[in-house]
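# Structure at a glance
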Amino acid sequence: MSALLSDTALIFGRYARQTVRSRLQMLFGVLMPLLYLLFFGPLLTDLPLSSQGSSWQVLVPGLLLQLALFGASFCGFGIIVEKQYGVVERMRVTPVSRLALLLGRVLRDALLFVLQSALLVGAALVMGLRAPLPGILIGFAFVAVLTVALASLSYTLAMRVSTPQAFGPVINALTMPSMLLSGLMLPMSLGPRWLDVLSHFMPLRYLVDAVRAAFVGAYASPAVLYGVLVALAFAALSVIFGTRAFRRAAA
């Protein structure tokens, strides 16, 4: 366990330093959700989107998870670049834990997107969001867990393809339906019944409902419970798949 922790800290530190040297990555990563907040949020101010909370308490949780969805899903591009420069090849001769090779990366990603989420929430508070602090912190926790899950799957896919041209279309084909069917922008209950039923087969839907419940202070609601269970199961399975991919690459 101590070796795993030290290896993970080593990998995390390496990629964290890379991120610090690329400040534009942090700023541009939060740009799309921020634009939705600035230009889409005011249109919903007076609309009854939910029986609980304001329209900001509906929109901002969706934007937080949208940030994790699109940001973490494309993390695998970094692995493709590393393979082209021989970084992955050099992993074959290192004694570093294969789990640490994954955890170090995804923990860096999780920290990055939580920091970006804090910037987004800060802007939302200025624009009119009112939410309890525990609910906001719960939202950050869901962003972190979702990032771990999606970044792990993204790295898994990136280990199996050789070019960005093969990676990008697959990610786009998966992220767009996820965004549309999970109710990130608007609650799925506002749509037709068949669409609402279909959305329950999308794991992200449960995380969105959980964060929205937390933003109105309903911490003990079934939505939060289901969201926690789905998020943890999703992250655990994703880490298992990601670790296997790194083990095969380093075999």
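This text gives an overview of the structure that appears in the document. Predicted model only: the values in this text are computed from it and were never measured. (Residues numbered from 1 in each chain as written. Predicted model: local features only at pLDDT ≥ 70, side-chain atom pairs only at ≥ 80, totals over all residues. Heavy atoms only, no water.)

Here the focus is the pattern of salt bridges. Summed over all chains, the structure comprises 6 salt bridges. Close ionic contact of Arg-105 with Glu-82 constitutes a salt bridge, the shortest N to O distance being 2.8 Å. Pair noted here: Arg-105 is in helix 7 (residues 98-127) and Glu-82 is in helix 5 (residues 76-84), with a separation of 23 residues, a long-range link. Overall, Glu-82 belongs to the buried group, its relative accessible area being 10%. Here Asp-196 and Arg-205 are joined by a salt bridge, their closest N and O atoms 2.9 Å apart. Here the two residues Asp-196 and Arg-205 agree in accessibility, since each one is buried. When salt bridges with common partners are traced through the structure, they connect Arg-193, Asp-196, Arg-205 and Asp-209 into a single cluster. (Salt bridge = Lys/Arg side-chain N within 4 Å of Asp/Glu carboxyl O. Helix = DSSP H or I, 4+ residues; strand = E, 2+ residues; numbered from the N terminus. Buried < 20%, exposed > 50% of the residue type's maximum accessible area, 1.4 Å probe, protein only.)

Note on placement: Asp-46 falls in the loop between helix 3 (31-39) and helix 4 (55-73). The exposed category is assigned to Asp-46, whose relative accessible area is 74%. Spatially, the C-alpha atom of Asp-46 lies 48 Å from that of Leu-101, the residues being 55 residues apart in sequence.

Moving on, we come to the packing of helix 4 against helix 7. Contact pair helix 4 / helix 7: the axes reach a minimum separation of 10 Å and the direction vectors enclose 155°. One way to sum up the angle between helix 4 and helix 7 is to call them roughly antiparallel. In this structure, the crossing between helix 4 and helix 7 has a hand that is right-handed. On the side of helix 4, the interface is formed by Trp-56, Val-60, Leu-63, Leu-64, Leu-67, Gly-71 and Ala-72, while helix 7 contributes Phe-113, Gln-116, Ser-117, Leu-120, Val-121, Ala-124 and Met-127. Along the lines of polarity and charge, the residues of the contact of helix 4 with helix 7 split into 11 nonpolar, 3 polar and no charged. (Axes fitted to C-alpha atoms, helices over the stretch in contact; angles between N-to-C directions. Parallel < 35°, antiparallel > 145°, perpendicular 65-115°, else oblique. Left-handed = near helix turned anticlockwise from the far one by under 90°. Contact = heavy atoms within 4.5 Å. Nonpolar A, V, L, I, M, F, W, Y, C, P; charged D, E, K, R; others polar.)

Before going further, it helps to spend a moment on the side chain of Asp-7. The topology assignment puts Asp-7 in helix 1 (residues 2-21). Arg-98 is the oppositely charged side chain nearest to the buried, salt-bridge-free Asp-7, at an N-O distance of 8.1 Å. Ignoring sequence-local partners within four residues, the contact set of Asp-7 consists of Pro-95, Val-96, Ser-97 and Ala-100. (Lys, Arg positive; Asp, Glu negative; His and termini not counted.)

Next up on the list: a positive patch on the surface. Where like charges cluster on the molecular surface, the positive patch consists of Arg-160, Arg-244, Arg-247 and Arg-248. Sort the elements by how many residues they give to the positive patch and helix 12 (residues 222-249) lands first, with 3 residues. (Patch = residues over 30% accessible without salt bridge, like charges linked within 9 Å, V, L, I, M, F, W, Y side chains within 5 Å. Areas by Shrake-Rupley, 256 points an atom, 1.4 Å probe, with all protein chains shown as cover. Charge placed at Lys NZ, Arg CZ, Asp CG, Glu CD.)

Counting across every chain of the model gives 3 aromatic pairs. Here the aromatic rings of Tyr-36 and Phe-40 are separated by 6.4 Å at their centres, their planes lie at 85°, and the arrangement is edge-to-face. Both rings, one in Phe-74 and one in Phe-77, keep their centres 5.9 Å apart while their planes meet at 5°; by these two values the pair is stacked. When its relative accessible area of 24% is taken as the criterion, Phe-74 is described as partly exposed. Aromatic ring contacts, followed pair by pair, group Phe-74, Phe-77 and Phe-167 into a single cluster. The lysine or arginine in question, Arg-14, covers the ring of Tyr-15, its NZ or CZ lying 4.9 Å from the ring centre. (Phe/Tyr/Trp six-rings, centres within 6.5 Å; stacked < 30°, edge-to-face > 60°. Lys NZ or Arg CZ within 6 Å of the ring centre and 35° of its normal.)

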